[in-house]
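# Reading the structure
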Amino acid sequence: MLRRFLPALVPTLLAIAAFCASLSDPYFMEIFIMVGLIGTVAVAWNLMAGFTGLVSLGHSLFFGIGAYTVAYGQVGFGLGPLATWPIAALLALASALFIGLLCFRYGLRGYFFSIATLAFSEVAFLLVSATLWLGRSDGMMLPSSPDALRYLQFDHKWPYGLIIVGFLALTLFISQAVLTARPGYYWRALRDNEGAAEALGVPAMRYKLLVFALSAVVTAIGGAIFANTFAFVDPRSTLGVELSIQLLVFGIIGGLGLLWGPLLGAALLIPAGELLRNYLGSGFHGVNIVAYALLLIVLALLLPQGLGGVLAARLRRRAPEKPAADAKALAMEAAQ
Amino acid sequence: MSTQQPLLAVTGLGKSFGGLKAVSDVSFEVMPGEIFGIIGPNGAGKTTLFNCLSGLLPLSSGAVHLDGRRIDGMRPHDICRLGLARTFQIVRPFQGMSVLENVKVAAFGRHPASADAEHHAHLALRRIGMDHLADLDAERLSVAEMRRLEIARAIATEPRLLLLDEMLAGLTATEAAALCDQIRRINAEGVTILMVEHSVPIISQLCGNAIVLNFGEMLASGTTRAVLADARVQEAYLGSAVS
């Protein structure tokens, strides 16, 4: 039991430690919040991309649905998170099922699926950017209310950090539970060979919709937390393609084959981006972005399996069988 | 034969890709408990026929009944659930999974709980004699072992009818003989088998009845001995000089 949930437990404990360490400084807490929030969303994204082979480039759609449901729910109807979060989850669920049915019904795979999801999120981005009652491209402020607790409005950032620790832990444990049960096996089989999986009794459509729905709902909750944390939403930061690309980058750098890989990617790259901005951002304009891009290129070249892949291989090296077999192969090659 | 209902009844099955007829008007019946053979040279439409039977391809014409129930038009996973399992000619295990996990995917169909599925995956591996390889990374298996893994996955779905697609091609004589024994044993345990095979000696060893395909058409059907003795079969498949 403990062993089964180790990949969820260890990152959760590390996150709690990071949260405690960030309590000293609001700036650190802000970075912790971004890492925890986007990292967790990237974990949900990776259930599709890494484990099922469905690379969505439109996950900002679900993040935006979450963020705007919270914002408009409060501005338009005076609703608090108790109401808006479940509504956000339901809206994301409905959108994921709609897009999923459409894509999977017509057999969109690989790049075509990615582009279709990108198209949906771009349409949403443009629609929201042009909709007056959603604040157009200027975005929406969530007004502060005297009933602060009902709207999750705190004077400090740390309570949001605490919420995000819970969000992260819940996502990791639920994901690990599902991955080690039937759906996880079916997803990996579908990722690898859909025809063979179906012939072995895997209902492809149902399980692809399941992972899409789960991933979208978690992402929408992430968007909802974002809106409450920053009390501000705009199309660029919640619906833009930059967010979807970020998830992809965190996944690739952190390691797609691992539950916690994308979280590791976020934990490395978000602080790295901040550091570069602090030390280089004041100099030549844009030089920090160039440095960030260089960092990504170097990491991608050095670690094609992702940082997590390297770490996992290190941990696994305790089993002596593999190097022995390699040594044997080498010896045979040398003998020839 | 008898009044017994056939386990698999194929009537007038046809499949075209655009204007090309890959398979046309194939009809045969497989009785419960037998090992039935499909023989034919390369490109005769054997694999297309299998894809039609297992639901991967829609039929252009005809019908397929499994134990009296019409299955053409159903999704592959539903057909699998009804008791028809198949292997693929090009064997590719699921990547990043151990041998056991590969079989577990198949066992989950009838055993939703992980521990149950694992138990039945071990049983399937034991039946094909490779339980000692359970924890090995599936990609490290030899070709012969991968073939057996393919069969283990298929029988882990607990089928009544097992479709084997050229399981013996490319194996050494010893490996092929061992696999033949295993196929016989699985059959003796109550699984009806429909096998596509290239090699005539193996078909005549294992199969009581067979059909011969050539260019997507049925040349002959009946007992394997009669089918192989058929003059048209000799000419089309074995070459006219064979005695």
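A quick note: this is a predicted structure, and the numbers were derived from the prediction, not measured.

## Observations regarding the layout of surface pockets
All names here are of chain A. Quantified by volume, the second largest pocket comes out at close to 890 Å³. Lining the second largest pocket are 24 residues, with M34, Q246, I270, E274 and Y292 positioned closest to its centre. Among the secondary structure elements, those contributing two or more residues to the lining of the second largest pocket are α2 (26–52), α9 (204–230), α10 (235–239), α11 (241–254), α12 (261–280) and α13 (287–302). Residue contributions to the lining of the second largest pocket peak at six residues, all from α11. Partitioned by chemical class, the residues of the lining of the second largest pocket number 15 nonpolar, four polar and five charged.

## Comments concerning a nonpolar patch on the surface
Nonpolar side chains collect at one region of the surface, where A:L2, A:L6, A:V10 and A:L14 lie side by side and expose about 380 Å² of accessible area between them. In this structure, A:V10 sits in helix α1 (residues 6–22).

## Things to note about the nonpolar core
By size, the foremost hydrophobic cluster in this structure holds 149 residues, and its most contacted members are A:F62, B:L162 and B:M195. Looking at this core, the element that brings in the most residues is α2(A), giving 16 residues. Those residues in contact with A:F62, other than ones at most four positions away along the chain, are A:A92, A:S95, A:A96, A:I99, A:F212, A:A216, A:T219 and A:A220.

## Section: the pattern of salt bridges
If you walk through the whole model with that rule in mind, you get 16 salt bridges over all chains. Linking A:E274 and A:R277 is a salt bridge whose minimum nitrogen-to-oxygen distance equals 3.1 Å. Here A:R277 and A:E274 lie together in helix α12, a separation of three residues that amounts to about one turn. Here B:D67 ties to B:R160 by a salt bridge, and the two come within 2.6 Å at their closest N and O atoms. Taken together, the positions of B:D67 in the loop between β4 (61–66) and β5 (69–70) and B:R160 in the loop between α5 (143–156) and β7 (161–165) put the pair 93 residues apart, joining distant regions of the chain. The exposure class assigned to B:D67 is partly exposed, which follows from its relative accessible area of 34%. A single network of salt bridges, built from pairs that share partners, joins A:R109, A:E194 and A:K208.

## Details of the packing of helix α3 (residues 60–77) of chain A against helix α4 (residues 81–105) of chain A
Packed helix pairs are specified by the crossing angle of their axes together with the interaxial distance, meaning the distance between the axes. Residues and elements named next belong to chain A. Here α3 crosses α4 at 145°, and the two axes come no closer than 9 Å. At the point where α3 passes α4, the crossing takes the right-handed sense. On α4, the residues touching L61, F62, I65, G66, T69, V70 and G73 of α3 are T84, W85, I87, A88, L91, A92, S95, A96 and I99. Classifying every residue of the contact of α3 with α4 gives 11 nonpolar, five polar and no charged.

## Quick look at the interface of chain A and chain B
Taken together, the contacts link 24 residues of chain A with 26 residues of chain B. Summing both sides of the interface, chain A and chain B together bury roughly 2,100 Å²; the carbon and sulfur share of this comes to 59%. Interface area lost by chain A to chain B is led by A:Y185, A:D192 and A:L200, which between them contribute 33%. A salt bridge links B:E101 to A:R188, with the nearest nitrogen and oxygen atoms 3.6 Å apart. Between chain A and chain B we count seven residue pairs in polar contact (both at pLDDT 80 or more) in total. For the side of chain A that touches chain B, the secondary-structure elements that each account for two or more residues are α7 (182–192), α8 (194–199), α9 and α15 (321–335) of chain A.

Rules behind the numbers
Residues numbered from 1 in each chain as written. Chains lettered and ligands numbered in written order. Predicted model: local features only at pLDDT ≥ 70, side-chain atom pairs only at ≥ 80, totals over all residues. Heavy atoms only, no water. 1 Å grid on protein atoms, 1.4 Å probe; cavity = no way out; pocket = protein on both sides within 12 Å on 5 of 7 lines; lining within 4 Å. Points joined across faces, edges and corners; volume = space filled by probe spheres on them. Helix = DSSP H or I, 4+ residues; strand = E, 2+ residues; numbered from the N terminus. Nonpolar A, V, L, I, M, F, W, Y, C, P; charged D, E, K, R; others polar. Patch = residues over 30% accessible without salt bridge, like charges linked within 9 Å, V, L, I, M, F, W, Y side chains within 5 Å. Areas by Shrake-Rupley, 256 points an atom, 1.4 Å probe, with all protein chains shown as cover. Salt bridge = Lys/Arg side-chain N within 4 Å of Asp/Glu carboxyl O. Core = buried A, V, L, I, M, F, W, Y, C linked by side-chain atoms within 4.5 Å. Buried < 20%, exposed > 50% of the residue type's maximum accessible area, 1.4 Å probe, protein only. Contact = heavy atoms within 4.5 Å. Axes fitted to C-alpha atoms, helices over the stretch in contact; angles between N-to-C directions. Left-handed = near helix turned anticlockwise from the far one by under 90°. Buried area = accessible area lost by both parts, 1.4 Å probe. Polar contact = N/O pair within 3.5 Å; in protein donor to acceptor, adjacent residues only side chain to side chain.

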